[in-house]
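Chain residues, written in single-letter form:
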Amino acid sequence: MKETNMAVPVSMEALLRAAVSEDAEHRDDGLCVVGIFGKSSMQMGALKESLVNTLADKHVFSAFGGADDGGDGGIQALYNPDNRVLYLLLTSVCDGRQLLRACLSQSTGSGHADAHDFWKGLERQHCLRLLYLFSVCHVLLLVHPSHTFDVTYDRLFRALDALRQKALPLIRAAVKDCPVSKEWKVNCRPCPPRLLFVFQMSGTLKVPNGSESGVHPDKPKKHSPRRRLQHALEDQIYRIFRKSRVLTNQSSNCLFTVPANQAFVYVLPASDEDPVGTLLGQLRSNCVLCEQDSGTLVSGPRRYQQTRRSARQGTAEQSVAGTAPADCTLKEFLWQHVELVLTKKGFDDSVGRNPQPCHFELPSYSKWAQVALKLHQAIAGGGEDEAAELAAKVQAQLKVLDGFLDADAKFSENRCQKALPLAHSAYQANLPHNYTTAVHKNQLAQALRVYSQHARGVAFQRYALQVHEDCYKFWSNGHQLCEERSLSDQHCVHKFHLLPQAGEKTDVDHNPPILNHNSRGRSTSSCNCGRKQAPREDPFDVQAANYDFYQALEEKCCGKLERINFPIFQPSTPDPAPASNQAPRPPCEADADRLKEPGATHSHTPGDTSLSLALSLGQSTDSLGPYGDGDSTSATAAADGPVQQKRPSLADRQPSTVEYLPGMMHSGCPKGLLPKFSSWSLVKLGPAKSYNCHTGLELPGFLPGASFLLPWDLVIRSRSEDDSAEPLDGGASSWPAPNKTLVGKRGGTGGLGRSRRRDDTARAYVGFEYEDGRGRRFIGAGPDKVVKVLGPGGAKEPASRVLNGDMQLYVPSPSQGRGVKPHFAQLMRLFIVVPDAPLEVTLNPQVQPGPAPYPVFHPEQTDLALPPDGLWVLRFPYAYATEVGPCYPPKENQPLGNYKVLRGILRATAANTQPQ
């Protein structure tokens, strides 16, 4: 091999793939491969690179920077043609520069487990490269920056030995076609490599002189202190490796060997504190050596032997003088082992009674390069087809390193595994058989809290995820409660189940079971007219709450009563669909802007939403009577000035017959849509005289004295026939006709020529009925007052207080139970007694079941004119819900004033007069 081809270090992969030419005279010469690995400190000059410079007698590596081998290190190759030695230098994160690069490449936001995986990945890659060095080298130098042995190498070598035994069949398949001996193919290495140790003496360890140490200077010394330190380290290393079975009697089965009768530990002397003086001393010694050399310059092994012979002579002279023999240099320490390789003697390091000779082969460079390339492809990757497949299989064997190298992760896994049963017990403590998501999350947080108290290390996050999965599996495996909530905000008591389809029966044995929702909540409610009470289940949908229950009581009670039906959806197609193209928004977002406007709380005009299918067909959006175009008219008038209002046509007032409103009517609904059923009811109990103001409403469930309606006095003014025909000029015609008297206010006669007017007063009755969950009913006399009549004569308080203000939708029930939780009574009916008088009573109910900006609910038809002479009952919805979800009743600490029926629910108008 030409010297110019290897004048600078190159990467191992570049060396193996390059076509390096050899000289013809040295083509068959043997090649000794020396591998150098270990650790280095954060000093300016790297220890391993400086050793290569010393061994090669060349300034190959700079003292201020190593080879550019990337952030994770690599193998650098340097060939010395003088003595046929190939140096392989391994750099990794064990070196200061590579460690700094790895730290800089690590992201700042990575967690503990990610950082641990990153560093362990670098360690596994380092182990693979060490396995490669132990497979292609004859001699290995372990370099350590201190003078103490690092016992972690024992664990590392045991891991490498286990990895080599696992990967040996795969490596054999890679080198089976190489032109080497059978022993090399079987063992996948030219010989069991000999491992040598190079330590660096710390600067703090000072070796005293003889006079200072109390020893007589003329007394001869057998060994120097550094030599004695080397012997002590050899004994310690050999004893450790023998105890851990890294070294055995048969060297052929070991990962490496150490010589039995040769030194295998070398301690570098401490560097002088004066680097300039050290460099000058080395320069002076080199110049003196050159002056003493005589004759022609000899290169190769003969030159080294000559240098070694002169060193021995100097040692003998020192022994004669009575001083300790001089210590050998690093090159002399290494060359005594390299000579055994180059002379083809090999290493005989087996010990015991029957030592078995180990195989040895000194290859040429071409043979070694072929085997090294195959091994590099199989271990480090980079090949194609079969080589890539072998490399993947070798990479899969790296799991055997976890038990040896990742001791902290193994401890963490054991610790976390012991914490898992404790976390599971904490999760299952005091759990019902079926429970909701909120209970599951609460118990999971408790389990994680217990787990975090006992678990430690890098496996913490992985086993925390396992706690999540185990708890979720336990919950979903027959313990999950149905998450559906009733309209009264109660959970379904069944475990996770499916709802029966149309015509399908319930099946408890089905998995999951087919059941209807049930919260085990029961209440007592009255029918539409209020004459019959029946128990009811806690409803889970609006139709069951506001329609089905009352429809079931229609046949038994109020089915034949006179009523005013609210308009509902009338389909024109066999398969109508709900209005799905409206944007579903929660009430607080749908009506936030509208409810914040002045006077908006007293309006129920539907807000503008996205167009529905009815609007796209050109149908009207004015289904709310006079409230349909109030906002648009005012907006147009404000923008364009006074213009003539266009009267809507009959087609514009028709609701959609193609799609229906999926929920209840409220102020946020799109115009032109009707629901499939009405949540309101308006029936007539009888004529006005059917109500007796002395006895009150004779209906079941009313508290004593709380069934009296409040009087509402209405003044009706009208002119008599004579007054209306009386002329204004005062002539003879103003005299009354004979035998005709003028009737006064109370039916008496008046004087002649006097103008009299008759004022009649009509009395109506109004009552807001509240009903609690136990069926107890009462009439409200105000937002926070109950009608209480104990004597005859009926209620004395006028109805103006309840009509001129907002009435609460929920009030505390007067009959509270023994429990701590308060019971609320809900406004369910409005009783109206319309007298037989020339009056027009208009009904316009508006309910806001929550704080602003909740929508305002109203019937499908507003401004209903009630016929005279009747006792009418308006039944309010039992529950309120939008397309987004239900409006739940108030909790204990919520103000009840936010749940209200807006003022202006009733207004009365006499003939040709203003409303009262």
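Because the structure is predicted, anything quoted here is derived from the model rather than measured.

1. Here we look at the pairing of strand β4 (residues 85–91)
By the criterion of burial, β4 is predominantly enclosed, with seven of the seven residues buried. Residues Val 85, Tyr 87, Leu 89 and Thr 91 line one face of β4 and the alternating positions Leu 86, Leu 88 and Leu 90 line the opposite face, and both faces are buried. Sheet analysis places strand β2 (residues 32–38) next to β4, joined by five bridges and oriented parallel. Note on β4: the bridge partner recorded for Val 34 is Tyr 87. Sheet analysis places strand β3 (residues 74–80) next to β4, joined by seven bridges and oriented antiparallel. From the neighbouring strand, Ile 75 faces β4, where its bridge partner is Leu 90. With antiparallel pairing between neighbouring strands as the criterion, β3 and β4 make up a hairpin whose turn holds four residues, including Arg 84 at a positive phi of roughly 55°.

2. Side note on the packing of aromatic side chains
All chains considered together, the criterion is met by 28 aromatic pairs. Their ring planes at 70° and their centres at 6.1 Å tell us that Phe 134 and Phe 157 sit as a pair that is edge-to-face. Here Phe 134 is found in helix α4 (residues 112–136), whereas its partner Phe 157 is found in helix α5 (residues 152–175), with 23 residues between them in sequence. Under the relative-accessibility criterion, Phe 134 is labelled buried at 1%. Looking at Phe 157, the relative accessible area reads 0%, which means it is buried. Measuring from ring centre to ring centre gives 6.1 Å for Tyr 427 and Phe 474, while their planes differ by 85°; the resulting arrangement is edge-to-face. You can see Tyr 427 sitting in helix α14 (residues 407–428) and its partner Phe 474 sitting in helix α16 (residues 460–476), a full 47 residues away along the chain.

3. Brief notes about helix α10 (residues 330–342)
The end-to-end C-alpha distance of α10 is 18 Å, a good match for the 18 Å that 13 residues give at a rise of 1.5 Å each. Its axis deflected by about 30° at Gln 336, α10 carries its strongest bend there. Buried residues dominate α10, accounting for 11 of its 13 residues. Three or more residues of α10 are buried, namely Leu 330, Lys 331, Glu 332, Phe 333, Leu 334, Trp 335, Gln 336, His 337, Val 338, Leu 340 and Val 341. One or two steps after α10, the chain reaches Lys 344, where phi turns positive at roughly 65°.

4. With respect to the packing of helix α2 (residues 47–56) against α10
Running from amino to carboxyl end, α2 crosses α10 at an angle of 75°, the nearest separation of the two axes being 10 Å. The angle between the axes of α2 and α10 places the two elements in the roughly perpendicular class. Residue-level inspection shows Leu 51, Thr 54 and Leu 55 of α2 in contact with α10, the latter providing Leu 330, Lys 331 and Leu 334. Looking at the contact of α2 with α10 residue by residue, the classes come out as four nonpolar, one polar and one charged.

5. What to know about the sheet that holds β2
Taking strand neighbours across the sheet as the criterion, the seven strands line up as β1-β3-β4-β2-β5-β6-β7 in an open arrangement whose pairing is mixed. Each edge of the open sheet carries a strand with a single partner, namely β1 (10–11) and β7 (265–268). Against the sheet, α2 engages β2, β3, β4, β5 (139–144), β6 (194–200) and β7, with an angle of about 170° to β4.

6. What about the packing of α5 against helix α11 (residues 365–379)?
Running from amino to carboxyl end, α5 crosses α11 at an angle of 135°, the nearest separation of the two axes being 9 Å. The angle between the axes of α5 and α11 places the two elements in the oblique class. With respect to the hand of their crossing, α5 and α11 are arranged in right-handed fashion. Side by side, α5 and α11 meet where Ile 171, Ala 174 and Val 175 of the first sit next to Val 371, Lys 374, Leu 375, Ala 378 and Ile 379 of the second.

7. Points about helix α7 (residues 225–243)
Here α7 contains 19 residues, and its C-alpha end-to-end distance of 27 Å stays within 8% of the 27 Å for a straight helix at 1.5 Å per residue. Of all the positions in α7, only Arg 226, Gln 230, Leu 233, Glu 234, Ile 237 and Phe 241 are classed as buried. The arc that holds every buried residue of α7, seen down its axis, measures 105°, which confines them to one face. Packed against the buried residues of α7 are α5, β6 and β7. Two residues or fewer after α7 comes Arg 245, characterised by a positive phi angle close to 65°.

8. Some remarks on the nonpolar core
Formed by 100 residues in total, the largest nonpolar core has its most connected members in Phe 37, Leu 88, Phe 157, Phe 197, Phe 256 and Trp 368. Looking at which element gives the most residues to this core, the answer is α5, with 12 residues. Setting aside anything within four residues of it in sequence, one finds Phe 37 in contact with Lys 48, Leu 90, Leu 130, Leu 133, Phe 134, Leu 140, Leu 141, Leu 142, Val 143, Phe 157 and Leu 195.

9. Looking at the side chain of Asn 187
Mapping Asn 187 onto the fold places it in helix α6 (residues 182–187). Dropping the residues within four chain positions of it, Asn 187 is found in contact with Arg 164, Leu 168 and His 359.

10. Structural notes on the environment of Val 683
By secondary structure assignment, the location of Val 683 is in strand β13 (residues 681–686). Each C-alpha atom, one on Val 683 and one on Arg 563, is 4.1 Å from the other, the two residues being 120 residues apart in sequence. For Val 683, the contacting residues outside a window of four places in its chain are Asn 528, Cys 529, Glu 562, Arg 563, Leu 871, Trp 872 and Val 873.

11. With respect to the pattern of salt bridges
Inspection of every chain in the model, using the stated rule, returns 16 salt bridges. Put simply, Glu 797 and Lys 785 hold a salt bridge, and the shortest N to O gap is 2.4 Å. Of this pair, Glu 797 sits in the loop between β17 (785–786) and α23 (800–803) while Lys 785 sits in strand β17; the two residues are 12 residues apart in sequence, bridging distant segments of the chain. Within the structure, one salt-bridge network assembled from shared partners comprises Glu 769, Glu 771, Arg 777 and Arg 829.

Here is what the cut-offs are and how they apply
Residues numbered from 1 in each chain as written. Predicted model: local features only at pLDDT ≥ 70, side-chain atom pairs only at ≥ 80, totals over all residues. Heavy atoms only, no water. Buried < 20%, exposed > 50% of the residue type's maximum accessible area, 1.4 Å probe, protein only. Helix = DSSP H or I, 4+ residues; strand = E, 2+ residues; numbered from the N terminus. Pairing = 2+ DSSP bridges. Phe/Tyr/Trp six-rings, centres within 6.5 Å; stacked < 30°, edge-to-face > 60°. Expected span 1.5 Å × (residues − 1). Bend = angle between axes of the 7 residues up to and from the residue. Axes fitted to C-alpha atoms, helices over the stretch in contact; angles between N-to-C directions. Parallel < 35°, antiparallel > 145°, perpendicular 65-115°, else oblique. Contact = heavy atoms within 4.5 Å. Nonpolar A, V, L, I, M, F, W, Y, C, P; charged D, E, K, R; others polar. Left-handed = near helix turned anticlockwise from the far one by under 90°. Arc of directions from axis to C-beta. Core = buried A, V, L, I, M, F, W, Y, C linked by side-chain atoms within 4.5 Å. Salt bridge = Lys/Arg side-chain N within 4 Å of Asp/Glu carboxyl O.

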